[in-house]
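Residue strings, one per chain:
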Amino acid sequence: MSVFLARRFLSFLITVFGASVIIFLLLEVLPGDPALTMLGVDAPDSAIAAIRLELGLDRPAFVRYVDWIAGLFHGEMGLSYVYKVPVTELIGQRLQVTLPLAIGAMVVATLVSLSLGIFAATNHNRIGDYGVMGFSQLGLAIPDFWFGILLIILFAVILHWLPSGGFPGWDEGIWRGIRSLILPVFTQALGLTAIMTRVTRSSVLEVAREDYVRTARAKGLSRRAALWGHVLRNALVPVLTIGGLLVATVVTGTLIIENVFALPGVGKLIFDAISNRDLMVVKNVVLLFAAIVVVVNFIVDILYALVDPRIRIHS
Amino acid sequence: MALLSVENLTVELQTSRGMAAAVRGVSFALERGGTLGIVGESGCGKSITALALLGLLPDGARARGRVDLDGTDLLTLDEDALCHIRGNRIAMIFQEPMTSLNPVHRIGRQIAEPLRLHRGMRGAAAREEVLRLLDRVGLPDPARRIDAYPHQLSGGQRQRVMIAMALSCAPDILLADEPTTALDVTIQGQILDLISELVEDNGMGLILISHDLGVIGETVDNVAVMYGGAIVEEGAADSLFANLAHPYSQGLFAAVPRPGLSRGNRLNTIPGTVPELTDLPPACTFADRCAKATDICWAQVPVMNRIDPDHRTACHHLGGSVE
Amino acid sequence: MAQIETTAPAPATAPGGPSGFMHRALRHRAFMIGLVLTGTMILFALVSLVWTPHSPTEIVISQRLKSPSLSHWFGTDQFGRDILSMIMAGAQTSIVVGLIAVCLGAVAGVSLGLWAAARRGWTEDVIMRLSDLNMAFPVILIAILLTAGWGPGITNAILALGIFNISVFARQVRGAAIAMWEREFVLAARAAGKGDLSITFGHVLPNIISVIVVQATISFAIAILAEAALSYLGVGSQPPDPSWGRMLSESQSYIFLAPIIAVWPGLAIVLSVLGLNLIGDGLRDLVDPRLARQR
């Protein structure tokens, strides 16, 4: 197990390192002079000279890269060129919206898709199964941002039950904050639920045909007890894998959903930064997201080994 | 009265081409402590018969007839009542010890499950009992193995675990469905000996299902030969093997390679292949492969005739006293 | 003893030949619905090349935000442009972006996957680690990086999707190809002294082509969704090119005035994606009936 952990951790470090190199190359080296990228080609020379000095852009790319990474190890991401505040601070503020959104969507999607998937599998080839499968086929085809717009039309424009967008901040009271996150969370959960429902259903169906489930029934376990005691834990393995891969989709999906609902989260931050050509913010936020994706995959690998003892030996 | 008596059991399964009878009017009885072997090729209905006894038929299957355990017809019981019988009064061992144990649970927990379910045993008491069972089935070093996962054991060891599991609640009847088929030849004997020994010591009834005449002959007192969902020949093991009567039984026995058969002698095999359930001949299911078949075999279902005091067969071409 | 298969009907012996395939395809309802939906989308795009009811880009302020009528079937947007015409023209963008992105990803990914499977060892390790790295950058992150470095444009969306698809195809193909390399007919070809290259193209690739086609269909569907999302966010297609995603982002400002204009482009996306997904699932069923049942 410890060898397994060490190997996974090493490949995790290499991937994050590679990601930082790619980001740096794509933003600061390949397009040419970052000062020009930030100010535009028409900018006066004096302004360009000033920004070079201010951000240390006159130093060689390699030095700047090492500087960036060294800073990250000290928990520093540099100053936002536009807002003149530390990038860590900006990200910290914005995560107060993005994290609850991502986690909320994950929780909703997991609860709904496990229930629907198990329901469909236990009603295999019956009307409930077809209904659930139809729903998930549709859920896969609906773009989440459009679903968000439809929810806004229904719940904000027509029914006036929930706000159409924006976020008052947690200081204004927990309930007001939650209220403005309800539609975004469900919007974000849609596609996720659709995929995970399909995976849960097929996984449960497959495991239910295994010999050891028959053994469990032959011991005297009821259908329900065999499902909970023997089917689900084994069926969970593929669901977990897909769920892990989907965390990446959720995290990056928040970028879109925050746009739909005008939420001041990390997604809004990065798109503002693109319009403002605030490279410092873009660079660090993209690395943060890439790192989250990699960390989640790393955690999934470990969970995987905990759920299925065979993997500890074989990989 | 017999402990288990099966009368005219018929099982229909759902197939892609509609319902098909996998078991056709099978009857047999098992005394307390008696041993019965059911022998036949794949698809002859022997495993379905076993699953029907436990009420574990696949979805959409229908069973008719009677399966009396101590006078209670199991086919009329509801799911809850059947759960009290499975693993408690009738326990089963399956063919594939590799896939019949849950890979994500430790074996101790899997063996303790019927104890918890039927005896309400938990914690230290259950663990103690599991250790005793593992020791009883001859698993070396039970104290260490009890916390192993199935993939850490060999095939023979896993089958011992399956047996311990089946044994845990001291069932009246042990159903063993090809318990040695998936094992190495050297292990097969050991497992069969273990089963025989346990059956004798505990006074259990045994129904041993196999395609292997050798396995059956060595282990049981009574034998039933199945083909196409029906029993074609049955009787005490000694007299049945001494005088195989039904053309199918003869073919089955002739198809087994025996030492001493001189080189150049072709192994006798039964012509044709085992047909799909839905394609079976309507009357005598063996008619299309039988050298002796005549018109009557296609027209009329043969009944059991007694050809010896304890030996009966169902064939139009074998006389005897009709019951 | 093999227990009689009952829960799952025994798979019909695979009818060989294209006529058997056609026959089964015609009876596969979901697959046929998918074909009709996708066919309609392609038809829209083709017709829009030569004719649209109105100009998809012409601004007629007097006609702004009109409800559906006989002359404007789907109504008009905030600039008085005909929505039906814009949707027809938008189909072009979706198809072009999807096609190029999938081809890019498929060509590179299939080659890498085949290479990894043929060589194994450290070649495979390197390719798989690179693919791990690729997976750390979901489409939207790649698009953001490209846009921040080079400014917005449809090329970014195409590149981002293409790059993302490389590892998708590489992983799929590697898995399928490795399984092929272990089959008897490949062992036989090796024993006959054939080289990696000739085995790969002579035996492995022809046998996994169905895997690739199914993946391409699904990837096409995902590409249409992603193009819409990127254009919605402003990092995809730029004005005045017609795009379903951008139509949605523009419609959102008028959601209180004319919610209906947010409905049409979304429907277009849903039906196109649904069509491709149904084709993909259907192909999988038709190619491998055994696999289909597990999904």
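All chains use their own residue numbering, which begins from 1 and follows the written sequence. Ligands are numbered from 1 and chains lettered from A, in the order in which they are written. Under the rules for a predicted model, residues below a pLDDT of 70 receive no local features and side-chain atom pairs below 80 are neither given nor counted, while totals for whole chains, interfaces and linings still include all residues.

1. Re the overall build of chain B
No. 1: Helix and strand definitions follow DSSP, with helices as H or I runs of at least four residues and strands as E runs of at least two, each counted in order from the N terminus. Per the secondary structure count, chain B includes 11 helices and 13 strands.
No. 2: C-alpha atoms of chain B, sized along the principal axes, occupy 65 × 50 × 40 Å.

2. Examining the interface of chain A and chain B
No. 1: A pair of residues counts as a contact when their C-beta atoms, built from backbone coordinates, are separated by no more than 7 Å. Contacts between the two partners involve 18 residues from chain A, matched on the other side by 24 residues from chain B.
No. 2: Contributing elements (two or more residues each) for the side of chain A that touches chain B: helix H9 (211-218), helix H10 (223-260) and helix H13 (309-314) of chain A.
No. 3: Here the side of chain A that touches chain B gets six residues from one element, more than from any other, and that element is H9(A).
No. 4: Think of it as three bins: nonpolar holds Ala, Val, Leu, Ile, Met, Phe, Trp, Tyr, Cys and Pro, charged holds Asp, Glu, Lys and Arg, and polar takes everything else, Gly as well. Class assignment for the residues of the side of chain A that touches chain B results in five nonpolar, five polar and eight charged.

3. A look at the interface of chain C and chain A
No. 1: Each side of the interface is counted separately: chain C has 34 residues, and chain A has 41 residues.
No. 2: Mapped by element, the contributors of at least two residues to the side of chain C that touches chain A are helix H4 (121-135), helix H5 (139-150), helix H8 (196-233) and helix H10 (263-287) of chain C.
No. 3: If you tally residues by element for the side of chain C that touches chain A, the top one is H5(C), at eight residues.
No. 4: For the side of chain C that touches chain A, the per-class residue count stands at 24 nonpolar, seven polar and three charged.

4. A closer look at the pairing of strand S6 (residues 90-93) of chain B
Residue and element names in this part refer to chain B.
No. 1: The burial criterion counts other C-beta atoms lying within 10 Å of a residue's C-beta, which is placed from the backbone; the residue is buried at 20 or more, exposed at 12 or fewer, and partly exposed between these limits. Of the two faces of S6, the one carrying Ile90 and Met92 and the one carrying Ala91 and Ile93 are both buried.
No. 2: For two strands to be treated as a pair, DSSP must find no fewer than two bridges joining them. Examined bridge by bridge, S6 and strand S7 (residues 173-177) share four bridges and lie parallel to one another. Looking across to S7, one finds that methionine 92 is bridged to leucine 175.

5. Concerning the nonpolar core
No. 1: For this entry, the nonpolar core is defined as buried Ala, Val, Leu, Ile, Met, Phe, Trp, Tyr and Cys residues connected by C-beta atoms within 7 Å. Counting 256 residues, the largest nonpolar core has Ile270(A), Val282(A) and Ile144(C) as its most contacted members.
No. 2: The leading source of residues in this core is H8(C), at 19 residues.

6. Examining the confidence of the model for chain C
Residues and elements named next belong to chain C.
No. 1: Averaged over all residues, the pLDDT of chain C is 82; the fraction at 70 or higher stands at 90%.
No. 2: pLDDT runs from 0 to 100 and stands for how confident the predictor is about each residue. Of all secondary-structure elements in chain C, the lowest mean pLDDT belongs to helix H11 (residues 289-294), at 44, while helix H3 (residues 83-119) reaches the highest, 91.
No. 3: Below pLDDT 50 for its whole length, residues 1-16 participates in 29 contacts with residues either more than four positions away or in separate chains.
No. 4: Below pLDDT 50 for its whole length, residues 290-295 participates in eight contacts with residues either more than four positions away or in separate chains.

7. Looking at the environment of Ala182(B)
Residues and elements named next belong to chain B.
No. 1: Turning to its location among the elements, alanine 182 is positioned in the loop between S7 and helix H7 (185-202).
No. 2: On the neighbour-count criterion, alanine 182 (18 C-beta atoms within 10 Å) is partly exposed.
No. 3: Taking the C-alpha atoms as reference, alanine 182 lies 22 Å from arginine 145; in sequence the two are 37 residues apart.
No. 4: Leaving out residues up to four positions away in the same chain, alanine 182 has contacts with Gln95, Glu96, Pro97, Met98 and Gly155.

8. Considerations on the sheet that holds strand S5 (residues 72-73) of chain B
Residue and element names in this part refer to chain B.
No. 1: Pairing is antiparallel in the open sheet, where four strands are placed in the order S2-S1-S4-S5. A single partner strand is all that each edge strand has here, and the edge strands are strand S2 (18-30) and S5.
No. 2: Lines are fitted to the C-alpha atoms to define the axes, a helix being fitted only along its stretch in contact, and any angle between axes, read from their N-to-C directions, falls within 0 to 180 degrees. Contacts between helix H1 (residues 46-54) and the sheet are confined to strand S1 (4-15), S2 and strand S4 (62-69), with S2 contributing the most and set at about 75° to the helix.

9. Description of the packing of helix H3 (residues 107-119) of chain B against helix H4 (residues 123-136) of chain B
Residue and element names in this part refer to chain B.
No. 1: In contact at an axis separation of 9 Å, H3 and H4 are set at 115° when each is read in the N-to-C sense. Between H3 and H4, the crossing angle belongs to the class labelled roughly perpendicular. Like other packed secondary-structure pairs, H3 and H4 cross with a definite hand, here right-handed. Contacts between H3 and H4 involve Gly108, Ile111, Ala112, Leu115 and Arg116 on the former and, on the latter, Ala126, Arg127, Glu129, Val130 and Leu133. Note that the term roughly parallel is reserved for angles under 35 degrees, roughly antiparallel for angles over 145, roughly perpendicular for angles of 65 to 115, and oblique for everything else. What makes a crossing left-handed is the near helix being turned counterclockwise from the far one by less than a right angle; a clockwise turn instead makes it right-handed.

10. Side note on the environment of Pro163(A)
No. 1: For Pro163(A), the location among the structural elements is in the loop between helix H7 (144-158) and helix H8 (174-208).
No. 2: Each C-alpha atom of the pair Pro163(A) and Ala61(A) lies 46 Å from the other, and the pair is 102 residues apart in sequence.

11. Overview of the packing of helix H6 (residues 155-167) of chain B against H7(B)
All names here are of chain B.
No. 1: Where H6 meets H7, the axes come as close as 10 Å, and the angle between the chain directions of the two elements is 15°. Taken together, the axes of H6 and H7 lie roughly parallel to each other. For H6 against H7, the interelement crossing comes out right-handed. Every residue of H7 that contacts H6 at Gly155, Gly156, Gln159, Ile163 and Leu167 is listed here: Ile187, Gln190, Ile191, Leu194, Ile195 and Leu198.
No. 2: Here the contact of H6 with H7 is built from residues that sort into seven nonpolar, four polar and no charged.

12. What to know about the domain arrangement of chain B
Residue and element names in this part refer to chain B.
No. 1: Domains are outlined according to an automatic or database domain assignment. Here the domain parsing of chain B yields domain 1 (4-89 + 171-322) and domain 2 (98-170).
No. 2: Of note, the centres of domain 1 and domain 2, computed from C-alpha atoms alone, are 29 Å apart.
No. 3: Facing the 14 residues of domain 1 at the interface are 14 residues of domain 2.
No. 4: For the side of domain 1 that touches domain 2, the element with the most residues is H7, which contributes seven residues.
No. 5: Across the side of domain 1 that touches domain 2, the residue classes tally to 10 nonpolar, four polar and no charged.

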